[in-house]
Every structure is written in C-alpha cells, then in structure tokens.
Amino acid sequence: MAEMKKVIIITDGDEYARKTLDFLANELGGTCLSYLADNPSKVSPEEVKQAIFDATEQPIYVMIDDAGVLGVGYGEKILLALADDPQIEIIGAVAVAAHTCNMEWSRFTFAIDSNGELIPNGVDKEGVLIPEVGRMSGDTVYLLDRLDLPLVIAIGDIGKMQGKDDISKGSPITRKAIEIILERGGLK
C-alpha cells in the first residue's frame, strides 16, 4: 500500500494567501499546491488529489476557498473528497476568518490573534478577538467541524491582518499556526 499523504488544509486561496503559503512551505518544508488555488476554488477534487499523490515532500498545503458561496462550494467539495480518501491524512487545518453575510461558522481547537497569542475566542478577518468562544465565521469553514480533524486553528486573513502577517515580516501568525500543526502532526 502507498504511503499516506499528510495534508494541511488552508481555507483561503487569494493572492496574499498563495504568496504566503509558497514562502512558508519554502521555509518550513513541504509542498504547496498554490498553483491550484484561486478565489474561489475552481479545480476539481480529482485534480487536487492527483497533485497530492504526485507531491514528493510533505506536508502538502492545500488551499481551498469558496469566496462567500453559501453552503458547500467548490472548496468544500475538495475538502470532502480529501477527507474521504483513505490514502490522505488531514493533519490539521488553518481556518481563515471572513466577513461573510451568510455567517457560516465552524468550531476550532484554538485561535491565534494578530499579536500571535493563542486564545479560546474566535478572531475576525483582522485577527482581532471576537466575543464568541470556540467558533468562528468564515466562507470555507462550514464543514471543518463535521470532519473529525485533529487540529483546527482559527486566524485572521492570511498575509494581512493590518500588516501584522505581512510576508516581509515572515508571516508570523500563519507561520505559528502551521508550526503547531506540524509539531502535533509529527512532522517537526
């Protein structure tokens, strides 16, 4: 039987997120499938799975984004297909907050605010603490807590958060989330 592929899900696919994840994959190791990412996701689950199986370095960062589509969008269809594949192990997810009018939400393990602090409350798109404890709003997070994932970390908008996660600063918030997933997933 083939080796299980270890995947980290990132619920963002815009240009900032793609550049940030390419940078961090280069720094921390792994394969970033940023060339398949978009806002919203447009590739098929089969294309993503093939890219995962073709990847030589783990973890594999898979970026999914529904761009505000209500319910199960393309990004979440990809997530479902990966979760159902016995050769793919999702070791964690970075759940990105969004200002969505449909207010889809997910539970998470913990959040990291824009100052890099681990907190029990959710965060908004800027990484600022919100009153809600243990859940967050976003547009591609709808299915995360229905999938028994080992670790879901909520953060603000990747590469942004009022400049605090800028790539010129090393994207410290996104980096911290990924490092925690790598550590708990046995890859660090």
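Our subject is the structure listed above.
Residues numbered from 1 in each chain as written. Predicted model: local features only at pLDDT ≥ 70, side-chain atom pairs only at ≥ 80, totals over all residues. Heavy atoms only, no water.

## Focus on the side chain of Arg175
Item 1. Along the chain, Arg175 turns up in helix H4 (residues 172-184).
Item 2. Accessibility expressed as a relative area gives 19% for Arg175, which makes it buried.
Item 3. Within the local environment of Arg175, its side chain forms a polar contact with the side chain of Glu27, the two groups lying 3.1 Å apart.
Item 4. Separated by 3.5 Å, the side chain of Arg175 and the backbone oxygen of Gly170 make a polar contact. (Helix = DSSP H or I, 4+ residues; strand = E, 2+ residues; numbered from the N terminus. Buried < 20%, exposed > 50% of the residue type's maximum accessible area, 1.4 Å probe, protein only. Polar contact = N/O pair within 3.5 Å; in protein donor to acceptor, adjacent residues only side chain to side chain.)

## Let's talk about the sheet that holds strand E3 (residues 60-63)
Item 1. Taken in spatial order, the seven strands make up an open sheet running E2-E3-E1-E4-E11-E6-E7, and their pairing is mixed. The open sheet has two free edges, formed respectively by strand E2 (31-32) and strand E7 (118-119), since each of these has just one partner strand.
Item 2. Of the pairings in the sheet, the one linking strand E1 (residues 5-10) to strand E4 (residues 88-96) comprises six bridges and is parallel in character. Bridged to Lys6 within E4 is Glu89.
Item 3. Relative to E4, helix H3 (residues 74-84) is tilted by about 150°, and along the sheet it contacts E1, E3 and E4. (Pairing = 2+ DSSP bridges. Contact = heavy atoms within 4.5 Å. Axes fitted to C-alpha atoms, helices over the stretch in contact; angles between N-to-C directions.)

## Some words on the environment of Thr174
Item 1. Residue position: Thr174 is located in helix H4.
Item 2. Sequence-wise, Thr174 and Lys77 are 97 residues apart; in three dimensions their C-alpha atoms are separated by 24 Å.
Item 3. Not counting the four nearest positions on each side in its chain, Thr174 is found in contact with Thr20, Leu21, Leu24, Ile155, Ile158, Gly159 and Asp165.
Item 4. Among the polar contacts made by the side chain of Thr174, one reaches the side chain of Asp165 at a distance of 2.6 Å.

## Some details on helix H2 (residues 45-54)
For an α-helix, the turn length of 3.6 residues means that residues three or four places apart are oriented alike.
Item 1. All buried positions along H2 are accounted for by Pro45, Val48, Ala51 and Ile52. Relative to the axis of H2, the buried residues are bounded by an arc of 125° and lie together on one face. Turned more than 90 degrees away from the buried face of H2, the exposed residues are Glu46 and Asp54.
Item 2. Buried residues along H2 sit against E1, E3, H3 and E4. (Arc of directions from axis to C-beta.)

## Considering the packing of aromatic side chains
Item 1. The final tally for this structure, using the stated rule, is zero aromatic pairs.
Item 2. In this arrangement the basic side chain of Lys77 is found over the ring face of Tyr74, its NZ or CZ atom lying 5.5 Å from the centre. (Phe/Tyr/Trp six-rings, centres within 6.5 Å; stacked < 30°, edge-to-face > 60°. Lys NZ or Arg CZ within 6 Å of the ring centre and 35° of its normal.)

## Description of the nonpolar core
Item 1. Ranked by size, the top nonpolar core spans 32 residues in total, and within it Ile9, Val48, Ile52, Val62, Leu79, Leu82 and Leu144 carry the most contacts.
Item 2. Per-element accounting of this core gives the leading share, four residues, to E4.
Item 3. For Leu144, the residues in contact, after removing those within four places along its chain, are Thr11, Leu79, Ala93, Ala95, Ser106, Leu149 and Val152.
Item 4. Core analysis: the next-biggest nonpolar cluster, separate from the first, contains 26 residues, Ala17, Ala25, Met63 and Val96 among them. (Core = buried A, V, L, I, M, F, W, Y, C linked by side-chain atoms within 4.5 Å.)

## Description of the packing of H2 against H3
Item 1. Two elements in contact, H2 and H3, have axes whose closest approach is 9 Å; the angle formed by their N-to-C orientations is 50°. In this view, H2 runs oblique relative to H3, as classed from their interaxial angle. Handedness of the H2/H3 crossing: right-handed. Between H2 and H3, the residues in contact are Pro45, Val48, Lys49 and Ile52 and Lys77, Ile78, Ala81 and Leu82, respectively.
Item 2. Taken together, the residues that form the contact of H2 with H3 break down as six nonpolar, no polar and two charged. (Parallel < 35°, antiparallel > 145°, perpendicular 65-115°, else oblique. Left-handed = near helix turned anticlockwise from the far one by under 90°. Nonpolar A, V, L, I, M, F, W, Y, C, P; charged D, E, K, R; others polar.)

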